[in-house]
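Secondary and tertiary structure notes
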Amino acid sequence: MRTIPEIKAAEGETRALRRWFHAHPELAFEETETSDLIAKTLKEYGVEVHRGLGRTGVVGVLRVGDGKRSIGLRADMDALPMQELNGFAHRSQYPGKMHACGHDGHMAMLLGAARHLARTRDFDGTIVFIFSPAEENGSGAKVMVDEGIFRQFPVDAVFGLHNWPGLPVNNFGIRPGPILAGCTNFDIRIIGVGAHAAFPHDGKDPILTGSLIVTALQGIITRNKNPMDAAVLSVTQFNGGEARNIVPDTATLAGTIRAFDEKTLDLIESRMQTIVQNISAAHECGAELIIKRYLPTVNTPAETRFAGEVMKSIVNEAKVDADVVPTMGSEDFAYMLQARPGAFAFLGAGDGEHREEGHGPGPCALHNTSYDFNDEILSLGSTYWVELSRRWLARTA
Ligand SMILES: [Zn+2]
Ligand SMILES: [Zn+2]
């Protein structure tokens, strides 16, 4: 493995940043201490800093030579609303908030790359370091795009990287086309007429109607959608009623749909509308369906190939899965890829063996209360960002 020696030598500093972020987790659009530290650190490194895009977002710009060729590198900043079960020294200091998706590590890896690139300045072009807020909840990347990040800082391509537990350490995963799913979150409100439970014929039962809707929705996945197009629909909330002897007036359902292309989401949403309205009508209830769509993360072929070659030059070719199995998770980086070509990739984080004494009883999985970012991959992540930038800016095509 060809980790850049100066990056490896500065690993202690990068690890200290990572652990500070871990101990001070902040939720979507509240990343104020986080963005203060990022801005301060970038300035110390000699990187030009811009703040305010996406409220708490930070953009660093490093320009050498004519600065004509450009690349965007993105790290996400936010934590999750959960109570950390780890007991080691760098555990969350803020109750009910935790960096359980490794965004602490993503920020540290990108800062490690910025440090090295700002010292060496051995490239010709512009590197834009993008720290985007509210990935988990609020689509901060979309907000930055909508507010004009790529008009203010035009880049030829933009790249993202996520640590991936389960994928072995020092391995990369990438693929052209969809790598993460699109997502439609839905809320269904069924409006019936309440009644005494002993006289249900006097009312219109939203609980029975909701139950039939839950069952019928699964038929979209098994009977309407082409079996070759992957998708999942999960109803995860069903609320209604206060007492055992009352048929309630209303019931609410909520859930999420995941698929890798918008055509499949279109089909599912449209069938869902038909099923919800008609089953409700058949049972003399009213219905409201509210849906919110998020894009799938789709890598562009040329930039994916380019990033894959960079990975292979750093680690053994066998450690790069250039056709990694896509996952049903979702990412707001999708909106950056809608605006610019580029690629999102996975960096193997291993199976949790790295965790320090005092970690929680659960698995080291993303969004788990016992998760901790694997500091062993910090230098490799920074090396990837540096090599990707240098080669991208030096490309002849
Ligand atoms: Zn996450
Ligand atoms: Zn994440």
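Below: a short report on this structure. Once a new chain begins, its residue numbering starts again from 1 and follows that chain's sequence as written. Naming scheme: in the order in which they are written, chains are lettered from A and ligands are numbered from 1. Local features in this predicted model are restricted to residues whose pLDDT is 70 or higher, and side-chain atom pairs enter the listing and the counts only when it is 80 or higher, whereas totals over whole chains, interfaces and linings include all residues. Values reported for side chains reflect all heavy atoms of the structure, with hydrogen atoms and water molecules removed beforehand.

Moving on: the coordination of the zinc ion (ligand 1). Any N, O or S atom lying within 2.8 Å of the metal counts as a donor, and for Na, K and Ca the limit rises to 3.2 Å; water is left out, so some sites can look incomplete. On the protein side, the zinc ion (ligand 1) has Cys 101 (SG), Glu 136 (OE), Glu 136 (OE) and His 367 (NE2) as donor atoms, found 2.0 to 2.7 Å from it. In this structure, the zinc ion (ligand 1) is surrounded by four donor atoms whose angles at the metal cover 52 to 150°, and the resulting shape is irregular. Motif for the zinc ion (ligand 1), donor spacing along one chain: C-x34-E-x230-H. Between the two metals, the zinc ion (ligand 1) and the zinc ion (ligand 2), the spacing is 3.2 Å, and Cys 101 donates to both. Note that Cys 101 is positioned in the loop between β3 (70-76) and α4 (103-120) and Glu 136 in the loop between β4 (125-132) and α5 (140-146), a separation of 35 residues in sequence. Categorising residues by exposure relies on relative accessible area from a 1.4 Å probe, with only protein chains included: less than 20% of the type maximum marks a residue as buried, more than 50% marks it as exposed, and the intermediate range marks it as partly exposed. A relative accessible area of 7% means that Cys 101 is categorised as buried. In short, tetrahedral needs four donors with all angles between 85 and 135 degrees, square planar needs four and octahedral six donors with opposite donors over 155 degrees apart and all other angles between 65 and 115, and whatever is left is irregular. A run of DSSP states H or I qualifies as a helix once it reaches four residues; a run of E qualifies as a strand once it reaches two. Both are numbered from the N-terminal end.

On the protein side, the zinc ion (ligand 2) has Cys 101 (SG), His 103 (NE2) and His 162 (NE2) as donor atoms, found 2.1 to 2.3 Å from it. Considered as a linear motif, the donors of the zinc ion (ligand 2) on their single chain read C-x1-H-x58-H. A relative accessible area of 0% means that His 103 is categorised as buried.

So, on to the packing of aromatic side chains. Each aromatic ring pair is specified by the distance between its two centres and by the angle formed by the two planes. To pair, rings of Phe, Tyr and Trp, with the six-membered ring standing in for Trp, must have centres within 6.5 Å; the planes then decide the type, stacked if under 30 degrees apart, edge-to-face if over 60, and tilted in the middle. Enumeration according to the criterion identifies eight aromatic pairs in this entry. Note on Phe 159 and Trp 392: the rings are 5.8 Å apart at their centroids and 70° apart in plane angle, and the pair reads as edge-to-face. Linking Phe 159 in strand β5 (residues 158-165) with Trp 392 in helix α11 (residues 378-394), this pair joins segments that are 233 residues apart in sequence. Residue Trp 392 is classed as buried on the basis of its relative accessible area, which comes to 4%. Consider the rings of Trp 164 and Phe 346, whose centres lie 4.0 Å apart with planes at 25°: the pair is stacked. One end of the pair, Trp 164, is in strand β5; the other, Phe 346, is in strand β16 (residues 342-350), and 182 residues separate them in sequence.

Here Val 128 shows up in strand β4. With a relative accessible area of 2%, Val 128 lands in the buried category. Each C-alpha atom of the pair Val 128 and Gly 60 lies 5.7 Å from the other, and the pair is 68 residues apart in sequence. Not counting residues up to four positions away in its chain, the partners in contact with Val 128 are Val 59, Gly 60, Ile 71, Gly 72, Leu 73, Phe 153 and Val 155. The contact criterion used throughout is that any non-hydrogen atoms of two residues lie within 4.5 Å.

The pairing criterion for strands is at least two bridges between them, as found by DSSP. Strand order across the open sheet formed by eight strands is β1-β2-β4-β3-β5-β16-β6-β15, with mixed pairing between neighbours. A single partner strand is all that each edge strand has here, and the edge strands are β1 (48-51) and β15 (320-321). Pairing of β5 with β16 involves eight bridges; the strand directions are parallel. Pairing of Asn 163 across the sheet is with Leu 347, part of β16. Angles shown run from 0 to 180 degrees and are taken between the N-to-C directions of axes, each axis being a line fitted to C-alpha atoms and, for helices, limited to the stretch in contact. Sheet strands in contact with helix α3 (residues 32-45) are β1, β2 (58-64) and β4, and its direction is about 160° off that of β1. Packing against the sheet, α11 makes contact with β3, β4, β5, β6 (172-173) and β16, and its axis sits at approximately 160° to β3.

Time to look at the environment of Arg 293. Topologically, Arg 293 is positioned in strand β13 (residues 286-294). Using a relative accessible area of 24% as the deciding quantity, one classes Arg 293 as partly exposed. For the pair Arg 293 and Gly 182, spaced 111 residues apart in sequence, the C-alpha separation works out to 7.6 Å. By the criterion applied in these results, polar contacts are pairs of N or O atoms within 3.5 Å in which, for protein atoms, one can donate a hydrogen and the other can accept it, and in which residues neighboring in sequence qualify only through two side-chain atoms. Polar contacts involving the side chain of Arg 293 include one to the side chain of Glu 262, which spans 2.7 Å. At 2.6 Å, the side chain of Arg 293 forms a polar contact with the side chain of Asp 266.

These values are about where atoms sit, not about what they do.
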